[in-house]
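Residue-level listing of the chains:
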Amino acid sequence: MLEHQIIDWKESWHEEFLEWICGYANAYGGTLYIGKNDNGDTVGLSD
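One structure accompanies this document, and this report is about it.

Definitions and limits used
- Residues numbered from 1 in each chain as written.
- Predicted model: local features only at pLDDT ≥ 70, side-chain atom pairs only at ≥ 80, totals over all residues.
- Heavy atoms only, no water.
- Phe/Tyr/Trp six-rings, centres within 6.5 Å; stacked < 30°, edge-to-face > 60°.
- Salt bridge = Lys/Arg side-chain N within 4 Å of Asp/Glu carboxyl O.
- Buried < 20%, exposed > 50% of the residue type's maximum accessible area, 1.4 Å probe, protein only.
- Patch = residues over 30% accessible without salt bridge, like charges linked within 9 Å, V, L, I, M, F, W, Y side chains within 5 Å.
- Areas by Shrake-Rupley, 256 points an atom, 1.4 Å probe, with all protein chains shown as cover.
- Helix = DSSP H or I, 4+ residues; strand = E, 2+ residues; numbered from the N terminus.

**Brief notes about the packing of aromatic side chains**
Here comes step 1: Summed over all chains, the structure comprises one aromatic pair.
Here comes step 2: Between the aromatic rings of Trp-13 and Phe-17, the centroid separation amounts to 5.6 Å while the plane-to-plane angle is 80°, which identifies the pairing as edge-to-face.

Structure, rendered in structure tokens:
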């Protein structure tokens with residue numbers, strides 16, 4: 001799965017993402033994945 005217009009990956013949560021969620025809701029929808037870097041690797045969890 002790649003990032004594109006309706007899929008976005010973020011390494012950690014920031015309050016400004018609430019605006020992104022509202023934007024997705026008012027447009028075509030979308031998914032915001034928290035805990036993935038720009039390469040799609042899971043981050044923030046230890047083994």
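There is more to say after this.
**Regarding the pattern of salt bridges**
Here comes step 1: Taken as a whole and assessed by the stated rule, the structure comprises one salt bridge.
Here comes step 2: A salt bridge links Lys-10 to Asp-8, with the shortest nitrogen-to-oxygen separation between them at 3.4 Å. Exposure class is identical for Lys-10 and Asp-8. Each is buried.

**Concerning a nonpolar patch on the surface**
Here comes step 1: A contiguous nonpolar surface patch, about 360 Å² in accessible area, is contributed by Trp-13, Leu-18, Ile-21 and Ile-34.
Here comes step 2: Within the secondary structure layout, Ile-34 lies in strand E2 (residues 31-34).
Here comes step 3: Ile-34 sits in the partly exposed class, given a relative accessible area of 41%.

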